[in-house]
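A closer look at the structure
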Amino acid sequence: MIKLADLIEDNKPCGMYLFENVLVSENLKFHLDRNTALCENIFRTYSESYFELIEEVRKLYYGNKIELNDCDAELVESDLGKKGIHDGREVYLDAPIEEEEDLLMESKHRGREVRLNRPFRTPGGPKKFSVYVKNKTGNVIKVSFGDPNLRVRSNNPKAAKSFRARHKCHTKKDKTTAGYWSCNISRYRKKLGIKSSSPW
Amino acid sequence: MSKRPFKQTKEDNIIIRKFSNKVKGHELKWHYDLKHRIVICEHETNWLFQMDNELPKKIEKNSIIEIPPYVYHRVIKGDGDLIVSIKES
């Protein structure tokens, strides 16, 4: 039988563990059977099943029925996957807008069309990554972050934990700061070619 | 445009696409196509195919995978190369 964990090359954080025998969905069972962590969610990021899985794990977590690693606990403690109303439309919270919706968020920075909230590498420096975001006044600004001389070591659980503590990642909510993006860089790991999915 | 994680040739409106076992897992991205596609793999493989909002499934030899337009999907790397025939309609 194929173990999905064996097929994915990245270093993976440990998976979820049920404290008691509770009825779970086929999708969650798939993750449990393969020791796949929630932050390695097998579904397409921000798809319906992606959010449903997070919501299911969140309920089990607050019911003290599942043990999660630090990364997964941070995920379910956030508002990710919860719904809110914005401009009369139901939207998912804490989910940076990407893909098609991202296209709608194209904006101008210094006269040039740019995509918002999508970090990209900046080999020319002075920082490792940059991202365009809108600030409170509605202007598009470029936020640069990451030391170009250092590697992203979020695949090392000890280094990741130390980074999160050192940078107080749980307090980083402002998208116009380098700290927010440094702490959440793993959300864009595939686009940026970063190995680990740990949020530092 | 980014480099594609496969090589392909076209014969009589059938695309023969080869994914090398050297491709990195993260290069196999979720995507959708504009046209309806029928995909067949004619060899044994343990590569997986995943449709949006579904769990991954093993790609069975000679089984037909239908991919409607605008529906996200991806392949998940297994051992060895993966060669598939693709017909668009």
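Given the structure is predicted, the values throughout are model-derived calculations rather than measurements.

Looking only at helices and strands, chain A features 8 helices and 9 strands. Looking at chain A as a whole, 46% of its 200 residues are labelled buried. Put simply, 44% of the contacts in chain A that link residues at least 6 apart link residues at least 24 apart. Accessible surface, chain A as shown: approximately 11,600 Å² in total, 49% of it carbon and sulfur.

The next subject is the sheet that holds strand β6 (residues 64–67) of chain B. Across a sheet, paired strands are connected by hydrogen bonds in the backbone, their directions being either parallel or antiparallel. All names here are of chain B. Taking strand neighbours across the sheet as the criterion, the 5 strands line up as β1-β2-β8-β3-β6 in an open arrangement whose pairing is antiparallel. Two strands lie at the open edges of the sheet, namely β1 (7–11) and β6, each paired on one side alone. Strand-to-strand, the axes of this sheet are offset by a mean angle of 25 degrees, without reference to chain direction. Pairing of strand β3 (residues 37–41) with strand β8 (residues 82–88) involves 5 bridges; the strand directions are antiparallel. By the bridge assignment for β8, Cys41 is matched with Val84.

Right, let's talk about the packing of aromatic side chains for a bit. Going through the model one piece at a time under the given rule, you end up with 12 aromatic pairs over all chains. Ring geometry for Tyr17(A) and Phe19(A): centres 6.1 Å apart, planes at 85 degrees, overall edge-to-face. Consider the rings of Tyr32(B) and Tyr72(B), whose centres lie 5.1 Å apart with planes at 85 degrees: the pair is edge-to-face. One end of the pair, Tyr32(B), is in the loop between β2 (14–19) and β3; the other, Tyr72(B), is in the loop between β6 and β7 (73–76), and 40 residues separate them in sequence. For Tyr32(B), a relative accessible area of 29% puts it in the partly exposed group. Overall, Tyr72(B) belongs to the buried group, its relative accessible area being 11%.

Moving on, we get to the state of the cysteines. All names here are of chain A. One pass over the structure, following the stated rule, counts 1 disulfide over all chains. Linked covalently through their sulfurs, Cys169 and Cys183 form a disulfide whose S-S length is 2.1 Å. Linking Cys169 and Cys183, the disulfide has an S-S dihedral of approximately -75 degrees and is accordingly described as left-handed. Residue Cys169 is found in the loop between α6 (157–166) and α7 (178–183), and its partner Cys183 is found in helix α7; the two are separated by 14 residues along the sequence. An identical accessibility class is assigned to Cys169 and Cys183; each is buried.

Residue and element names in this part refer to chain B. Per-residue confidence for chain B averages 91 on the pLDDT scale, and 98% of its residues sit at or above 70. The secondary structure element of chain B with the lowest average pLDDT is β1, at 91, and the one with the highest is strand β4 (residues 48–51), at 97. What the predictor reports for the complex is a pTM of 0.61 with an ipTM of 0.91.

Moving on, we come to the interface of chain B and chain A. Across the contact, 20 residues belong to chain B and 16 residues belong to chain A. Carbon and sulfur atoms make up 58% of the area that chain B and chain A hide from each other, which totals about 1,600 Å². On inspection of chain B and its partner chain A, the count reaches 1 salt bridge. Taking the shortest distance from any N to any O, the salt bridge between Asp52(B) and Arg44(A) comes out at 2.8 Å. Taken together, the links from chain B to chain A amount to 5 residue pairs in polar contact (both at pLDDT 80 or more).

Residues and elements named next belong to chain A. Considering the arrangement of structural elements, one finds Gly15 in the loop between α1 (4–7) and β1 (17–18). Between the C-alpha atoms of Gly15 and Ala37, which are 22 residues apart in sequence, the distance is 3.8 Å. Those residues in contact with Gly15 that sit more than four places away from it in its chain are Asn35, Thr36, Ala37 and Glu67.

In this section: helix α2 (residues 26–33) of chain A. All of the buried residues in α2(A) are Leu28(A), Phe30(A), His31(A) and Leu32(A). Immediately downstream of α2(A), the backbone of Asn35(A) shows phi near 55 degrees, a positive value.

Residues and elements named next belong to chain A. Over its 15 residues, helix α3 (residues 48–62) extends 21 Å from the first C-alpha to the last, a length consistent with the 21 Å expected when each residue adds 1.5 Å. Turning to α3, its buried residues number three or more, namely Ser49, Tyr50, Phe51, Leu53, Ile54, Glu56, Val57, Arg58 and Leu60. Phi for Asn64, located one or two positions after α3, is positive at around 55 degrees.

Moving on: the sheet that holds strand β7 (residues 120–121) of chain A. All names here are of chain A. Spatial ordering of the open sheet is given by β7-β8-β9, a layout of 3 strands whose pairing is antiparallel. Either end of the sheet is taken by a strand with one partner, and the two such strands are β7 and β9 (140–145). Sheet analysis places β7 next to strand β8 (residues 129–134), joined by 2 bridges and oriented antiparallel. Residue pairing across strands places Arg121 opposite Phe129, the latter belonging to β8.

About the cut-offs
- Residues numbered from 1 in each chain as written.
- Chains lettered and ligands numbered in written order.
- Predicted model: local features only at pLDDT ≥ 70, side-chain atom pairs only at ≥ 80, totals over all residues.
- Heavy atoms only, no water.
- Helix = DSSP H or I, 4+ residues; strand = E, 2+ residues; numbered from the N terminus.
- Buried < 20%, exposed > 50% of the residue type's maximum accessible area, 1.4 Å probe, protein only.
- Contact = heavy atoms within 4.5 Å.
- Areas by Shrake-Rupley, 256 points an atom, 1.4 Å probe, with all protein chains shown as cover.
- Pairing = 2+ DSSP bridges.
- Axes fitted to C-alpha atoms, helices over the stretch in contact; angles between N-to-C directions.
- Phe/Tyr/Trp six-rings, centres within 6.5 Å; stacked < 30°, edge-to-face > 60°.
- Disulfide = S-S within 2.5 Å.
- pLDDT = per-residue confidence, 0-100.
- Buried area = accessible area lost by both parts, 1.4 Å probe.
- Salt bridge = Lys/Arg side-chain N within 4 Å of Asp/Glu carboxyl O.
- Polar contact = N/O pair within 3.5 Å; in protein donor to acceptor, adjacent residues only side chain to side chain.
- Expected span 1.5 Å × (residues − 1).

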